[in-house]
Amino acid sequence: MRLSKAFIPTQKEIPADATIPSHQLMLRAGLMRQLTAGVYAFLPLGYNAMMKAMNIVREEMNAIGGQEFLLPALNPESLWVQTGRRNVQNFILSIKERDLVLAPTHEEVIGWIASMHIQSYKDLPQIWYQIQTKFRNEPRPRSGVLRGRQFIMKDSYTLDASWEGLDKGYDLHAEAYNKIFTRCGLKFFVVGASSGAMGGTGSQEFMVESGSGEDTVVLCDKCGYAANLEIATSAISGVTRTANSKALEEIHTPNVKTIDELATFLNVDHDHLAKSVVYRHNGKPVLVLMAGNDQLNESKFSAALGGGEVAPMNAEELLGLTGADGGSIGPINLKGFRIIADKRLEGANGLISGANKNDYHIANIDMNRDVTVEEYFDLRIVDTGELCPKCSAQLKITHAIELGHIFKLGTKYADALHATYLDENGQSKPIIMGSYGIGIERIIACHLEQSHDDKGIIWNTALAPYQAHVIAINMNNKDIVLHSNQIYRTLTESGIDTLFDDRPNVTAGFKFNDADLLGMPFQIIVGEKGLKNNQVEVKRRKTGERTMVALSEIIPTIKKLLSE
RNA sequence: CGGAACGUGGCGCAGCCCGGUAGCGCACUUGCUUGGGGUGCAAGGGGUCGCGGGUUCAAAUCCCGCCGUUCCGACCA
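Residues numbered from 1 in each chain as written. Chains lettered and ligands numbered in written order. Predicted model: local features only at pLDDT ≥ 70, side-chain atom pairs only at ≥ 80, totals over all residues. Heavy atoms only, no water.

(A) Region of the structure containing the pattern of salt bridges. Within the structure shown, the criterion is met by 34 salt bridges. Of the charged contacts, one joins Lys300 and Asp378 as a salt bridge, the two residues approaching to 2.9 Å between their closest N and O atoms. Linking Lys300 in helix H7 (residues 298-304) with Asp378 in the loop between strand E20 (375-377) and strand E21 (396-410), this pair joins segments that are 78 residues apart in sequence. On the accessibility criterion, Lys300 (9% relative accessible area) is buried. Taking the relative accessible area as the measure of exposure, Asp378 reaches 28% and is therefore partly exposed. The network of salt bridges with shared partners includes Asp271, Asp294, Arg344, Arg380 and Glu386. (Salt bridge = Lys/Arg side-chain N within 4 Å of Asp/Glu carboxyl O. Helix = DSSP H or I, 4+ residues; strand = E, 2+ residues; numbered from the N terminus. Buried < 20%, exposed > 50% of the residue type's maximum accessible area, 1.4 Å probe, protein only.)

Written as structure tokens, this is what we have:
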């Protein structure tokens, strides 16, 4: 492509609305423009890079036997009512004129197709996928394309007759994802993840470490333990039990509201305090006891209760139900609450907790003697400095961007959509599904986050819209015009995607800066200096390293560099 | 949805406090110039100052409402 004819609007200034490097670069290098919050128009250069990513994804999906579909973005609203996902918060965008919604994902449509055409176990397994635009009602789009209201996802779905089959399909996807992100040149890692409201029995996320990421992950450098904070655990010990439990004792604790204040006031260790956290689960009050100042992990909490709606109880409700404010709630003499507790408190005694009376706490609580705990769960949020649950090395907590997510869904959607097959015995069974997503824009954004400098983008060869960028230093010099045109032509004919800066009246410095901003892997600089010796300069964008190459050696040199 | 900021040619910003001719840099057009790291000179084109209402002789500027965008938080299947 000749830059004199190309639509690649570069900008020197950093757009005010872009705060992270990938967003700034995607705008400055003319990859895309924002239409409205969370919605971007991809310009030719950006779309080119997206297609590179999509093709890598497509090749690896095909390699595991995936079959590509084109599915509708417009779905009947009723389909989503059927699976109970129509009214999930911040999920679905609808259109006003018809009872249609914009699909945020495609389990429903896949299930609908399967319900019509999958009849027998002999029709299974299947791997179905699509690479398409999806829509979500994001309350707050942010960070450029990292969280948009419209985005392109590769979604694939496995359909199986057995749980072993699901495991196999899931493992195939895990392998394919490793290949995809490796080919894309991304530094990524895999974490165990929460299945959340998608339901299902297992899930992993493919992550890129980044301060711009919205997920928090827990990593062990020593043994490789890696988990989303939502499900992460650590090797923290339980609260100790002493030989004798003393009698319960009410103590006056004026104006003590928080666990820290209580620890200071009584001059006791945090571990002897049992913090009460009060929630409603599907409308019903639940008291959660946590050791000391451990933070409740809402994901774990929700999972422990088997899903459903979970919300902190507000102060008024709390006062009405217990007669006390938040800082004085406890498990003793508390009526009408389910009580669950964090595992650290299992069997503990000598604990202090609220008395359900303002300004009073109760001491010497014995979990076994005094509290009717429905069940103990791991409910705490892992904190910095804690030790790995597997190898006891120090854990690292960091932020990450979720590139891909693989789920074992099970039969939730097949049940709702009556997607069944007949097994060997003629029995009707629900199809067992898995669901596997990759954010295409995120591949690009993550690469840019990981690969840029103060001059601009540094594309790797896998995702670069063009492999080579020919710069004609001075279009008033006939020699330069002649040779740069010839180089551009032969590179293109050799199958090397090449950008050619043939703009007249643009000075060398301007072209150099544009080339560094656009960031193609190799720049071929055609100038008077080199041509005197029948040479051009080849510059590697990544390192800035320059070498003089004879005109006759350009093609083999570039081919060799590209194959490295 | 809570908190905050911003909205002025394509982009980045000043002007607003203290009301009175709409300005700067980049980009763009024309001519000359320069030609290895965003050349220089000159002459130009382009703005309902987000929208609506109010105050005033007069509003980019003051007041009210709305909309939009961004950031922090909540949310993120």
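(B) View of the domain arrangement of chain A. Once the domains are mapped, chain A shows domain 1 (21-232 + 397-448), domain 2 (249-377) and domain 3 (466-563). A straight line from the C-alpha centre of domain 1 to that of domain 2 covers 38 Å. (Domains from an automatic or database assignment.)

(C) Seen up close, the sheet that holds strand E16 (residues 310-312). The five strands lie next to each other as E16-E14-E15-E17-E20, forming an open sheet whose pairing is mixed. Only two strands of the sheet have a single neighbouring strand rather than two, namely E16 and E20. The average undirected angle you get between the axes of adjacent strands in this sheet is 35°. Where strand E14 (residues 274-281) lies against strand E15 (residues 284-291), eight bridges are found, and the strand directions are antiparallel. The partner of Val278 across the bridge, within E15, is Leu287. (Pairing = 2+ DSSP bridges. Axes fitted to C-alpha atoms, helices over the stretch in contact; angles between N-to-C directions.)

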